[in-house]
Amino acid sequence: MTDPDIPDRPVGPLTRAVRYAGRLLCWSLGVGMAAAAVDITVSPHAPWWQTLWPLPWYTTCASALAWALLRAREKSVGGPVGGDDDPRTEEDIHTEWDQAA
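Worth saying up front: this structure is predicted, and the values here are computed from it rather than measured.

As for its placement among the helices and strands, Leu 69 is situated in helix 3 (residues 55-77). Here Leu 69 falls in the exposed class, since its relative accessible area comes to 57%. A C-alpha to C-alpha distance of 8.9 Å links Leu 69 and Val 18, two positions 51 residues apart in sequence.

Right, here's the structure in full:
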């Protein structure tokens, strides 16, 4: 697996874990919002609903914490951008930022 931003560069297990934690964060946030919308609009009276609908919010909190810790660890280890083995110059990086904006 390679990083889509930097071609031909392998992605390590820490980067992969950060990506999965970020995806879990996004999906659990979306499911939590959908569950909250259902709770407000439909108001289900099933006995299990009061236990079920807050679960995505707990998952969101846990995955946000996991993502933050993993991302901090990834940054402390040092990523490929800006390292000694990075073939891109600082001007190339700023050009990419301008294109993104």
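Following the structure, the description resumes.
This paragraph deals with the environment of Thr 15. Along the chain, Thr 15 falls in helix 1 (residues 13-41). A residue is classified by how much of its surface remains accessible, and Thr 15, at 23% relative accessible area, is partly exposed. Sequence spacing of Thr 15 and Leu 70 is 55 residues, and the spatial spacing of their C-alpha atoms is 8.4 Å.

Looking now at a nonpolar patch on the surface. A surface patch of nonpolar side chains, about 460 Å² in accessible area, is lined by Trp 48, Leu 52, Leu 55 and Tyr 58. Relative to the helices and strands, Leu 52 resides in helix 2 (residues 49-52).

Conventions we followed
- Residues numbered from 1 in each chain as written.
- Predicted model: local features only at pLDDT ≥ 70, side-chain atom pairs only at ≥ 80, totals over all residues.
- Heavy atoms only, no water.
- Helix = DSSP H or I, 4+ residues; strand = E, 2+ residues; numbered from the N terminus.
- Buried < 20%, exposed > 50% of the residue type's maximum accessible area, 1.4 Å probe, protein only.
- Patch = residues over 30% accessible without salt bridge, like charges linked within 9 Å, V, L, I, M, F, W, Y side chains within 5 Å.
- Areas by Shrake-Rupley, 256 points an atom, 1.4 Å probe, with all protein chains shown as cover.
- Salt bridge = Lys/Arg side-chain N within 4 Å of Asp/Glu carboxyl O.

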